[in-house]
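# Architecture and fold: a report
Letter by letter, the chains look like this.
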Amino acid sequence: MRSKKSSRPVTQRQLRVGEMIKQALGTIFVRGEAKLPNLDTNNITVTEVRMSPDLKTAKAFVLPLGGKNATEAVNILKEFSFVVRKVLSKKITMKFLPKILFVKDDSFEYAEKIENLIKIFKLLLFFLFESNNRHRDGKIIKPNGKKKYGGNKSDVRSPNVK
């Protein structure tokens, strides 16, 4: 996995710290330790945390359950990120606690879009296959059941049994 801005790959340390922050944010939201106005943090899911190479900024991808009011929830989290960071500082011991940037996670919508495209493609292939197997009068042509392989029976070698 490579970061988008630089050509350097993501280090093991970035992955480890990102996973640690993801788990800590999840427990903070589930337990309701960060009191945010107009937001029920029990419904917030942290799907991924990406760390910068210097480990000073963390991009947290979040999504409320059901995906309802996602932009509002992300805006509230952005506005009150200092509260979440303060609670996070009590959970994690690091030399520099990263600044947290909250971003709406679009990966589930993207996956659903790809899945729908695959379904449409399968239906299209099915209808193309069906139209190729129809005669002009509309009857379905069934393949001849005699040949189960490409050649004649004489082409198949019998095993040498002694």
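As the structure is a prediction and not an experimental result, all values here were calculated from the model. (Residues numbered from 1 in each chain as written. Predicted model: local features only at pLDDT ≥ 70, side-chain atom pairs only at ≥ 80, totals over all residues. Heavy atoms only, no water.)

Let's shift gears to the environment of Asn42. Topologically, Asn42 is positioned in the loop between α1 (12-31) and β1 (44-51). Each C-alpha atom, one on Asn42 and one on Ile28, is 9.0 Å from the other, the two residues being 14 residues apart in sequence. (Helix = DSSP H or I, 4+ residues; strand = E, 2+ residues; numbered from the N terminus.)

Moving on, we get to unusual backbone geometry. Not every positive phi belongs to a glycine, and Leu55 is a case in point at roughly 60°. Residue Leu55 is classed as buried on the basis of its relative accessible area of 11%. With a phi close to 55°, Asn69 is a non-glycine residue in the positive phi region. (Buried < 20%, exposed > 50% of the residue type's maximum accessible area, 1.4 Å probe, protein only.)

Below, the discussion takes up the sheet that holds strand β3 (residues 99-104). Strand order in the open sheet formed by three strands is β1-β2-β3, and the pairing between neighbours is mixed. The sheet is open, and its two borders are formed by β1 and β3, each paired with just one other strand. For this sheet, the mean inter-axis angle between neighbouring strands, taken without regard to orientation, is 30°. Helix-sheet contacts for α1 involve β1, β2 (57-64) and β3, and the interaxial angle to β1 is about 160°. Strand contacts of helix α2 (residues 70-79): β1, β2 and β3, with the helix running at about 170° to β3, the strand carrying the most contacts. (Pairing = 2+ DSSP bridges. Axes fitted to C-alpha atoms, helices over the stretch in contact; angles between N-to-C directions. Contact = heavy atoms within 4.5 Å.)

Okay, the pattern of salt bridges next. Under the counting rule described, the total for this entry stands at five salt bridges. Across the salt bridge formed by Glu48 and Arg50, the nearest N and O atoms sit 3.0 Å from each other. A residue is classified by how much of its surface remains accessible, and Arg50, at 37% relative accessible area, is partly exposed. With its nearest N and O atoms 3.6 Å apart, the salt bridge here joins Lys104 to Asp106. Judged by relative accessible area, Lys104 falls into the partly exposed class, the value being 25%. For Asp106, a relative accessible area of 40% translates into the label partly exposed. (Salt bridge = Lys/Arg side-chain N within 4 Å of Asp/Glu carboxyl O.)

In a regular helix each residue adds 1.5 Å, so 20 residues correspond to 28 Å; α1 covers 29 Å between its end C-alpha atoms and thus fits that length. Among all positions of α1, only Gln14, Val17, Gly18, Ile21, Ala24, Leu25, Ile28 and Phe29 are buried. On an axial view of α1, the arc spanned by its buried residues comes to 135°, and they lie on one face. Among the exposed residues of α1, those pointing more than 90 degrees away from its buried face are Gln12, Arg16, Gln23, Val30 and Arg31. Positive backbone phi, at 70°, marks Gly32, one or two positions downstream of α1. (Expected span 1.5 Å × (residues − 1). Arc of directions from axis to C-beta.)

Of the voids in this model, the second largest pocket is the one considered here, and its volume is about 180 Å³. Along the walls of the second largest pocket sit Asn38, Leu39, Asp40, Asn43, Ile44, Pro64, Lys68, Asn69, Glu72, Ala73 and Ile76, which together make up its complete lining. Looking at side-chain class alone, the lining of the second largest pocket contains five nonpolar, three polar and three charged residues. (1 Å grid on protein atoms, 1.4 Å probe; cavity = no way out; pocket = protein on both sides within 12 Å on 5 of 7 lines; lining within 4 Å. Points joined across faces, edges and corners; volume = space filled by probe spheres on them. Nonpolar A, V, L, I, M, F, W, Y, C, P; charged D, E, K, R; others polar.)

Next up on the list: the packing of α1 against helix α3 (residues 81-91). Two elements in contact, α1 and α3, have axes whose closest approach is 10 Å; the angle formed by their N-to-C orientations is 115°. In terms of their interaxial angle, α1 and α3 are classed as roughly perpendicular. Between α1 and α3 the crossing geometry is right-handed. Facing α1, whose interface residues are Ile21, Ala24, Leu25, Thr27, Ile28, Phe29 and Arg31, α3 presents Val84, Val87, Leu88 and Lys91. Classifying every residue of the contact of α1 with α3 gives eight nonpolar, one polar and two charged. (Parallel < 35°, antiparallel > 145°, perpendicular 65-115°, else oblique. Left-handed = near helix turned anticlockwise from the far one by under 90°.)

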